[in-house]
Amino acid sequence: MRTAEISRETTETSLTVRINLDGEGKHDCATGVGFFDHMLDQLARHALIDLHVRAKGDLHIDDHHTVEDVGIALGRALAEALGDKRGIRRYGSCHLAMDEALVRAALDLSGRPFLVWNVDFPTEKIGAFDTQLVREFFTAFAMNGGITLNVARLDGANSHHIAEAAFKAVARALREAVEPDPRASGAIPSTKGTLSA
């Protein structure tokens, strides 16, 4: 079973993230940040990864620490669940349309973290949620998961649609990348013979 559980305790947050890469998209996410919970649910559902998140953070200050720390823990859980990445497809990409929004995501589970983020939002807030935190989450996720991640908004006028399309596009790309490759015979998908995390 490709599963992992990561707990993180700081003066700003206390959280646990549990994932199953061979799940059915089941999700149970409670961070105290409603819109973020909704996005995590979308990530799990469309990546077909079972995801359980419990987080308590200093929301009296703002949502930043909670969102970032969940991204850190989720990235670490992904890396742990993947192990040496033997037999996976490694790469994934998706163009995802949601109403007027169109977002492209492409990723490589390379072990070499990098984020290229070309997503801007027409508003600073989605309800009470700061749109800058979408990038903060994916930065933390990519850096701690060893993911080379490229996300771009190709179209869109509604901030909610753009954010949700970004999460769903990354989810679909991730689903493709973590899938076992039936032609790989359990090989590590690299000419170097290793994909360091």
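Let me sum up the structure you'll find in this document. Computed from a prediction, not measured in an experiment: that's the story for all the values here.

### What about the overall build of the chain?
Consideration 1: Of the regular secondary structure elements, the chain holds 4 helices and 10 strands.
Consideration 2: Listed N to C, the secondary structure of the chain is β-β-β-α-β-α-β-β-β-β-β-α-β-α in terms of helices and strands.
Consideration 3: When the backbone C-alpha atoms are referred to their principal axes, the chain occupies close to 50 × 40 × 25 Å.
Consideration 4: Taking all 197 residues of the chain together, the buried fraction comes to 52%.
Consideration 5: Sequence separation of at least 24 residues holds for 77% of the intrachain contacts in the chain that already meet a minimum separation of 6.
Consideration 6: Seen as two clouds, the 22 positive and the 28 negative side-chain charges of the chain have centres 8 Å apart.

### Topic: the packing of aromatic side chains
Consideration 1: The tally for this structure, following the rule as stated, stands at 7 aromatic pairs.
Consideration 2: Aromatic pair F137 and F141: ring centres 5.9 Å apart, planes at 5°, arrangement stacked. Residue F137 and its partner F141 are located together in helix α3 (residues 132-145), separated by 4 residues, close to a single helical turn. The residues F137 and F141 share a single accessibility class, namely buried.
Consideration 3: Measuring from centroid to centroid gives 4.7 Å for F138 and F167, while their planes differ by 50°, and the two rings are tilted. In this pair, F138 sits in helix α3 while F167 sits in helix α4 (residues 159-178), placing the two residues 29 residues apart along the sequence. The exposure classification of F138 matches that of F167, with both residues buried.
Consideration 4: An aromatic cluster is present here, built from F36, W117, F137, F138, F141 and F167 joined pairwise through their rings.

### Things to note about empty space enclosed by the protein
Consideration 1: Taken as a whole and assessed by the stated rule, the structure comprises 1 cavity of 30 Å³ or more.
Consideration 2: The calculated volume of the largest cavity comes to roughly 90 Å³.
Consideration 3: Surrounding the largest cavity, I19, L21, L43, A44, A47, I49, L51, L74, L78, F141 and L174 form its lining.
Consideration 4: Of all the secondary structure elements, the ones that give two or more residues to the lining of the largest cavity are α1 (34-47) and α2 (64-82).
Consideration 5: Looking at which element gives the most residues to the lining of the largest cavity, the answer is α1, with 3 residues.

Rules used in this analysis
- Residues numbered from 1 in each chain as written.
- Predicted model: local features only at pLDDT ≥ 70, side-chain atom pairs only at ≥ 80, totals over all residues.
- Heavy atoms only, no water.
- Helix = DSSP H or I, 4+ residues; strand = E, 2+ residues; numbered from the N terminus.
- Buried < 20%, exposed > 50% of the residue type's maximum accessible area, 1.4 Å probe, protein only.
- Contact = heavy atoms within 4.5 Å.
- Lys, Arg positive; Asp, Glu negative; His and termini not counted.
- Charge placed at Lys NZ, Arg CZ, Asp CG, Glu CD.
- Phe/Tyr/Trp six-rings, centres within 6.5 Å; stacked < 30°, edge-to-face > 60°.
- 1 Å grid on protein atoms, 1.4 Å probe; cavity = no way out; pocket = protein on both sides within 12 Å on 5 of 7 lines; lining within 4 Å.
- Points joined across faces, edges and corners; volume = space filled by probe spheres on them.

Purely geometric stuff here, so don't read any function into it on its own.
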